[in-house]
Amino acid sequence: MLALQVLINGILLGGLYGLMALGMSLIWGVMNIVNIAHGALIMLGAYLTFWLFTLWGWDPFVSLPVTIALLFVYGYCLQRYLLNLIVRAQLFLTLLITFGVEVVMVNLVRVAWSSDLRQVTPAYAGAHFKVGGITVPYVRLWVFLTTVILSVTFLLILEKTRLGRAIRATSEELRAARLAGIPVAHIYAITFGLGAALAGAAGGLWGMLFPITPIMGGGLTLKSFVVAVLGGLGTMMGAIVGGLVLGIAESFSATYLGPTYPNAISFGLLVLILIVRPTGLVGRRGSA
Amino acid sequence: MKTRWAPVAAGVVVLAVLAAAPAALSPFLVQFLINLFMLAALAESWNIIGGFTGYASFGNVAFFGVGAYATGILLTRAAWPLALALPAGGAVAMLFAGLIGMPILRLKGHYFAIATLGVAETMREIVYNLEITGAGTGLVMPISRSPIPFFYLMLGILVAATLVNRWLSASRFGYGLIAIREDEDAAAAMGINTPLYKTLAFALSGAFAGLAGGVFADWITFIDPDGVFKVSTTIQMIIMAVFGGMGTVVGPLLGAVVLASISELLSTQLVSLAELFNGLVVILVVLFMPKGLAEFIRKREFSVRQLVRNLREYRV
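In this text the structure is predicted, and so the values were computed from the model without any measurement.

## Notes on the overall build of chain A
Thinking step 1. The number of helices and strands found in chain A is 11 helices and 2 strands.
Thinking step 2. The linear arrangement of helices and strands in chain A, starting from the amino end, is α-α-α-α-β-β-α-α-α-α-α-α-α.
Thinking step 3. In terms of overall dimensions, chain A is globule-like: its C-alpha atoms have a radius of gyration of 18 Å, near the 19 Å expected for 288 residues.
Thinking step 4. For chain A, the spread of C-alpha atoms along the three principal axes comes to 60 × 45 × 35 Å.
Thinking step 5. The 288 residues of chain A split such that 53% are buried.

## Observations concerning the overall build of chain B
Thinking step 1. On a plain count of helices and strands, chain B comes out with 15 helices and 2 strands.
Thinking step 2. Rg of the C-alpha trace for chain B: 19 Å, near the compact-globule value of 20 Å for 316 residues, within the 12% margin.
Thinking step 3. Principal-axis analysis of the C-alpha atoms places the extent of chain B at approximately 55 × 45 × 40 Å.
Thinking step 4. Relative to its full complement of 316 residues, chain B shows a buried share of 52%.

## As for the environment of B:Ala113
Thinking step 1. As for its position among the elements, B:Ala113 is in helix 5 (residues 109–129).
Thinking step 2. C-alpha separation for the pair B:Ala113 and B:Ala97, spaced 16 residues apart in sequence, amounts to 15 Å.
Thinking step 3. Other than its neighbours up to four places away in sequence, B:Ala113 contacts A:Leu95, B:Ala56 and B:Phe58.

## Side note on the nonpolar core
Thinking step 1. By size, the foremost hydrophobic cluster in this structure holds 205 residues, and its most contacted members are A:Met20, B:Ala41, B:Met154, B:Ala212 and B:Val282.
Thinking step 2. Sequence-distant contacts of A:Met20, that is, excluding residues within four places in its chain, are made with A:Ile42, A:Ala199, A:Ala202, A:Leu220, A:Lys223, A:Ser224 and A:Val227.

## As for helix 6 (residues 148–168) of chain B
Thinking step 1. Between its first and last C-alpha, helix 6 of chain B extends 30 Å over 21 residues, near the 30 Å set by a 1.5 Å rise per residue.
Thinking step 2. Among all positions in helix 6 of chain B, only B:Phe150, B:Phe151, B:Leu153, B:Met154, B:Leu155, B:Ile157, B:Leu158, B:Ala161, B:Thr162, B:Val164, B:Asn165 and B:Leu168 are buried.

## Some details on the interface of chain B and chain A
Thinking step 1. Listed by partner, the interface residues are 36 residues for chain B and 38 residues for chain A.
Thinking step 2. Secondary-structure elements contributing two or more residues to the side of chain B that touches chain A are helix 5, helix 11 (231–244) and helix 13 (271–288) of chain B.
Thinking step 3. In terms of residues, the side of chain B that touches chain A owes the most to one element, helix 5 of chain B, which gives 13 residues.
Thinking step 4. Of the residues in the side of chain B that touches chain A, the class split is 23 nonpolar, 8 polar and 5 charged.

## Topic: the pairing of strand 2 (residues 134–137) of chain A
Residues and elements named next belong to chain A.
Thinking step 1. As judged from the 4 bridges shared by strand 1 (residues 128–131) and strand 2, these two strands associate in the antiparallel manner. Within strand 2, the position partnered with histidine 128 by the bridge is proline 137.
Thinking step 2. The antiparallel pairing of strand 1 with strand 2 creates a hairpin that spans 2 residues between the two strands, and glycine 132 there sits at a positive phi of about 50°.

## Section: the packing of helix 9 (residues 217–231) of chain A against helix 10 (residues 236–256) of chain A
Residues and elements named next belong to chain A.
Thinking step 1. Orientation of helix 9 relative to helix 10, taken along the N-to-C sense of each, is 115°, at an axis distance of 7 Å. Note on packing geometry: the crossing formed by helix 9 with helix 10 is right-handed. Each of Lys223, Val226, Val227, Ala228, Leu230 and Gly231 in helix 9 lies in contact with helix 10, whose residues at this interface are Gly238, Ala239, Val241, Gly242, Gly243, Val245 and Leu246.
Thinking step 2. Within the contact of helix 9 with helix 10, the residues separate by chemical class into 8 nonpolar, 4 polar and 1 charged.

## With respect to unusual backbone geometry
Both trends apply: most residues other than glycine have a negative phi, and most peptide bonds are in trans.
Thinking step 1. The phi angle at A:Ser114 is positive, at roughly 65°, despite the residue not being glycine.
Thinking step 2. In this structure, A:Ser114 sits in the loop between helix 4 (91–113) and strand 1.
Thinking step 3. Phi is positive for B:Thr221, close to 65°, though the residue is something other than glycine.
Thinking step 4. Tracing the sequence through the fold places B:Thr221 in the loop between helix 9 (194–220) and strand 2 (222–223).

## As for the confidence of the model for chain B
Thinking step 1. Looking at chain B, pLDDT values average 87 and 98% of them are 70 or higher.
Thinking step 2. For this predicted complex, the interface confidence reaches an ipTM of 0.85, while the overall pTM sits at 0.85.

## Observations regarding the environment of A:Lys130
Thinking step 1. Mapped onto the elements of the fold, A:Lys130 is located in strand 1.
Thinking step 2. A C-alpha to C-alpha distance of 19 Å links A:Lys130 and A:Leu209, two positions 79 residues apart in sequence.

## Points about the environment of B:Ile262
Thinking step 1. Locating B:Ile262 in the fold gives a position in helix 12 (residues 251–267).
Thinking step 2. Separated by 15 residues in sequence, B:Ile262 and B:Phe277 have C-alpha atoms that sit 8.8 Å apart.

## A look at the packing of helix 1 (residues 2–31) of chain A against helix 8 (residues 184–209) of chain A
Geometrically, a packed helix pair is captured by the angle between its two axes and the distance between the axes.
Residue and element names in this part refer to chain A.
Thinking step 1. Running from N to C, helix 1 and helix 8 cross one another at 165°; their axes reach a closest spacing of 8 Å. The pairing of helix 1 with helix 8 is recorded here as roughly antiparallel in orientation. Remark: the crossing between helix 1 and helix 8 carries left-handed chirality. Every residue of helix 8 that contacts helix 1 at Leu16, Leu19, Met20, Leu22, Gly23, Met24, Leu26, Ile27, Val30 and Met31 is listed here: Tyr188, Thr191, Phe192, Leu194, Gly195, Ala196, Leu198, Ala199, Ala201, Ala202, Leu205 and Trp206.
Thinking step 2. Residues of the contact of helix 1 with helix 8, tallied by class, amount to 19 nonpolar, 3 polar and no charged.

About the criteria used
- Residues numbered from 1 in each chain as written.
- Chains lettered and ligands numbered in written order.
- Predicted model: local features only at pLDDT ≥ 70, side-chain atom pairs only at ≥ 80, totals over all residues.
- Helix = DSSP H or I, 4+ residues; strand = E, 2+ residues; numbered from the N terminus.
- Rg over C-alpha atoms; globule rule 2.2 N^0.38 Å.
- Buried ≥ 20, exposed ≤ 12 C-beta atoms within 10 Å, placed from the backbone.
- Contact = placed C-beta atoms within 7 Å.
- Core = buried A, V, L, I, M, F, W, Y, C linked by C-beta atoms within 7 Å.
- Expected span 1.5 Å × (residues − 1).
- Nonpolar A, V, L, I, M, F, W, Y, C, P; charged D, E, K, R; others polar.
- Pairing = 2+ DSSP bridges.
- Axes fitted to C-alpha atoms, helices over the stretch in contact; angles between N-to-C directions.
- Left-handed = near helix turned anticlockwise from the far one by under 90°.
- pLDDT = per-residue confidence, 0-100.
- Parallel < 35°, antiparallel > 145°, perpendicular 65-115°, else oblique.

As structure tokens, then:
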């Protein structure tokens, strides 16, 4: 019975990991940028949700579309006016510049809003229901359902719309896409905006379950990366599968090994998967 | 490669001045210089793996922390004198870097970068949970003494690290590392034992970071996991090396002197301001001078045109 409870907990958390990794995997797959600032975008989403909740009393689920829209605009500008300048440089430089963006964002937030621990606590925060001895908190369930809705919406945009086709074409072959009349700089910016929007959504949801601090993003960047690699780079389905795997692995290890080594678990998983199956769980060809 | 004597002479003069300096300087300046030497030594140590070998480690602070903790544990729990504890701490860091390097150096590019980031985070977590390291509360070193010995120790480590970089820039082993950076498969085809070379470079890098960490622990007299395994320390190493010029001998030194000075001036205002500055420098350096100051010195030209050319080179 305990094992089933632990499994459910893992799946509910894993959905959120999947949502985080989706944004990272998209940006990586299309532009070959490993966005170290991804965790900082998640952090920003969490803070926006927190302020909308605290100042104006907006329910975190209601304010989610606002957070998503703001993060999209922010991500669009970041790519359009900063990262596009460097996007064709070697990996090290693009990695380094997103590192710089992360440091700037974290410290600006720290100066503006202090390092205090924040929490989003709607009235229903503690409510839960039981099914055959399994406890399910409502918030976690709704968070999970929201991640499913957002992930499916995103996948549909990518697969079925003109915009999605343009993004995929740009990712396949930059020059051919440009010849076909796709405004590449604009598409790159939209891609980053989408990635940031997904990160912001994940942040808003994360803030309902865990405390919010300026430095919360560092570990989440690592997790997003692990999940993206775990599932197979650039495959969107992979990110979701990887998220569930990490969520379940963490849940079991926290129950049976103790809760003190969350990063060590994800990191160990990363090294393991890179050695055993470098293309990821769902991936087809190597992209390392 | 012929030895050019002008830089050597300049180096000797600077060293002589520095060696006589502590007596004449204010305590504040002595502390600042110790910190500067430490950052410069870390930048030079990062340069071995990141600059020469081309493996962008984002977790070198792990070796700094392992060195600090190994030295600290020997000083406090085993009551060793620093003269023994420090080399032992450096050796532990070197061994750790070598062992962790064996699996991790098989990864490339982004994967290697994130894996090293993971090593540093994991080490922080492990140290947080161990009894012998004092867990979350940290370790307090015996007694604080005059800072002057630490001045000479840090300076010594910096000089040694710089000399090793100099040696790498003109030796068989160093050429091997550069060959790996330029094209690893070709290097292997030429008969270079690439796994061995990479692991040795990583261990060497770890040794100097560990030594700097060991001196840091005794100098600062108190270490805790969050203070020693800081991601921002890794960023500082990287950005100082990049700012000055990766893969050059004097670049990291130059970068450390310039950036540490500015950062010190800012942190007298506000600590977060200094961090913010670090982040901004990272962004600006990547945009305007990705090859570092060394490029401008080599070309003997520093113009806005060159900066703009750098800016336009990689845009889409």
